[in-house]
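# Fold and geometry: a report
Next come the chains, spelled out residue by residue.
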Amino acid sequence: MTGVSTETVGLLLSRIRDVPDYPKPGVMFKDITPLLADPQAFTALTDALAALCVQHGATKIVGLEARGFILAAPVAVRAGLGFVPVRKAGKLPGATLTQAYALEYGTAEIEVHTEALGAGDRVLVIDDVLATGGTAGACLELIRRAGAEVAGVAVLMELGFLGGRERLKDALGAAPLDALIAV
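Structure report, in brief. Values in this document were obtained by computation on a predicted structure and should not be read as measured data.

Moving on, we get to a nonpolar patch on the surface. Among the surface-exposed residues, Phe 161, Leu 162 and Val 183 lie close enough to one another that they form a single nonpolar patch of about 280 Å² accessible area. Structurally, Val 183 can be placed in the segment after strand E9 (177-182).

Here it is, written out as structure tokens:
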């Protein structure tokens, strides 16, 4: 967890809607669209994540497709840092680095432009949710393969019961994992 105030956490939590049985029966989906629609809550979230950029000495921000883009882009603007999208394979034009990772059933790939990150960059990865850690782990590998340093991972919400933090332990190394909210 981070040093975010209890008032901010309360505000963020109050704007996250539970949607039962979505996308399938038995799943309780955490919908962040009400938070994004509330300028006070979205600003509080952006400010909290921007403070983590400063705290961890980030020089660039990576946002993970797709909801990570929504959070990371305004944080980059607020923190005065560059924003780098990490996308699903085949979505970026030009030369890319690709990283495969395991899914529950099969594999997936993510990509980053080869010139987007390099030596001297300290990269903070921002996403909406940490679930199993697969995408985040693949992203950390991409960052290092590009020659950059991982400053950390920051998420709005961690679904602790899915074990993502434990799975990311080795991939993170000494880099921190900050979750504003733990569920």
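Attention now goes to the side chain of Glu 158. Note on placement: Glu 158 falls in strand E8 (residues 149-158). One polar contact links Glu 158 to Arg 165, side chain to side chain, over a distance of 2.7 Å. In contact with Glu 158, other than residues within four places in its own chain, are Leu 130, Arg 165, Ala 179, Ile 181, Ala 182 and Val 183.

This part is about the pairing of E9. Within E9, 5 of the 6 residues are buried, which leaves it mostly tucked inside the rest of the structure. In the sheet, E8 pairs with E9 via 5 bridges, with the strands oriented parallel. When the sheet's bridge partners are listed, Ala 154 is paired in E9 with Asp 178. Taken together, E8, helix H6 (residues 164-172) and E9 form a β-α-β motif whose crossover is right-handed.

This part is about the pattern of salt bridges. Tallied over the entire structure, the rule returns 10 salt bridges. Residues Asp 128 and Arg 67 are paired through a salt bridge, measuring 2.4 Å at the closest nitrogen-oxygen approach. With a gap of 61 residues between them, Asp 128 in strand E7 (residues 122-130) and Arg 67 in helix H4 (residues 67-79) connect regions that are remote in the sequence. Looking at Asp 128, the relative accessible area reads 4%, which means it is buried. The shortest N-O distance in the salt bridge between Glu 166 and Lys 169 comes to 3.9 Å. In this pair, Glu 166 and Lys 169 both sit in helix H6, 3 residues apart, roughly one turn of the helix.

If you check H4, its first and last C-alpha atoms are 19 Å apart, about what 13 residues at 1.5 Å a residue would give, namely 18 Å. Among the residues of H4, Gly 68, Leu 71, Ala 72, Val 75 and Ala 76 are the ones counted as buried. In a view along the axis of H4, the buried residues occupy a sector of 130°, so they form one face of it. Buried residues in H4 make contact with helix H2 (33-37), helix H3 (39-55), strand E3 (60-64), strand E4 (82-88), E7 and E8. Two residues or fewer after H4 comes Gly 80, characterised by a positive phi angle close to 70°.

In the segment running from Tyr 22 into Pro 23, the intervening peptide bond is cis, with an omega of 5°. Glu 65 connects to Ala 66 through a cis peptide bond whose omega is 0°. In this structure, Ala 66 sits in the loop between E3 and H4. Look at Asp 21: it is not a glycine, yet its phi comes out positive at around 60°. Relative to the assigned elements, Asp 21 resides in the loop between strand E1 (17-20) and strand E2 (28-31).

With 2 bridges connecting them, E4 and strand E6 (residues 106-113) associate as antiparallel partners. Following the sheet pairing, Arg 87 is matched in E6 by Glu 111. Judged from the 8 bridges that link them, strand E5 (residues 96-103) and E6 form a sheet pairing that is antiparallel. Within the sheet, the bridge partner assigned to Leu 103 lies in E6 and is Gly 106. Counted between consecutive antiparallel strands, the loop separating E5 from E6 contains 2 residues.

Describing an aromatic ring pair means giving the distance of the ring centres and the angle of the ring planes. Following the criterion strictly, the structure yields 2 aromatic pairs and no others. Relative to Phe 29, the ring of Tyr 22 lies with its centre 5.2 Å away and its plane at 80°, an arrangement referred to as edge-to-face. Since its relative accessible area comes to 46%, Tyr 22 is described here as partly exposed. For Phe 29, a relative accessible area of 24% puts it in the partly exposed group.

Cut-offs and rules
- Residues numbered from 1 in each chain as written.
- Predicted model: local features only at pLDDT ≥ 70, side-chain atom pairs only at ≥ 80, totals over all residues.
- Heavy atoms only, no water.
- Patch = residues over 30% accessible without salt bridge, like charges linked within 9 Å, V, L, I, M, F, W, Y side chains within 5 Å.
- Areas by Shrake-Rupley, 256 points an atom, 1.4 Å probe, with all protein chains shown as cover.
- Salt bridge = Lys/Arg side-chain N within 4 Å of Asp/Glu carboxyl O.
- Helix = DSSP H or I, 4+ residues; strand = E, 2+ residues; numbered from the N terminus.
- Polar contact = N/O pair within 3.5 Å; in protein donor to acceptor, adjacent residues only side chain to side chain.
- Contact = heavy atoms within 4.5 Å.
- Buried < 20%, exposed > 50% of the residue type's maximum accessible area, 1.4 Å probe, protein only.
- Pairing = 2+ DSSP bridges.
- Right-handed = clockwise from strand over helix to strand, strands pointing away.
- Expected span 1.5 Å × (residues − 1).
- Arc of directions from axis to C-beta.
- Phe/Tyr/Trp six-rings, centres within 6.5 Å; stacked < 30°, edge-to-face > 60°.

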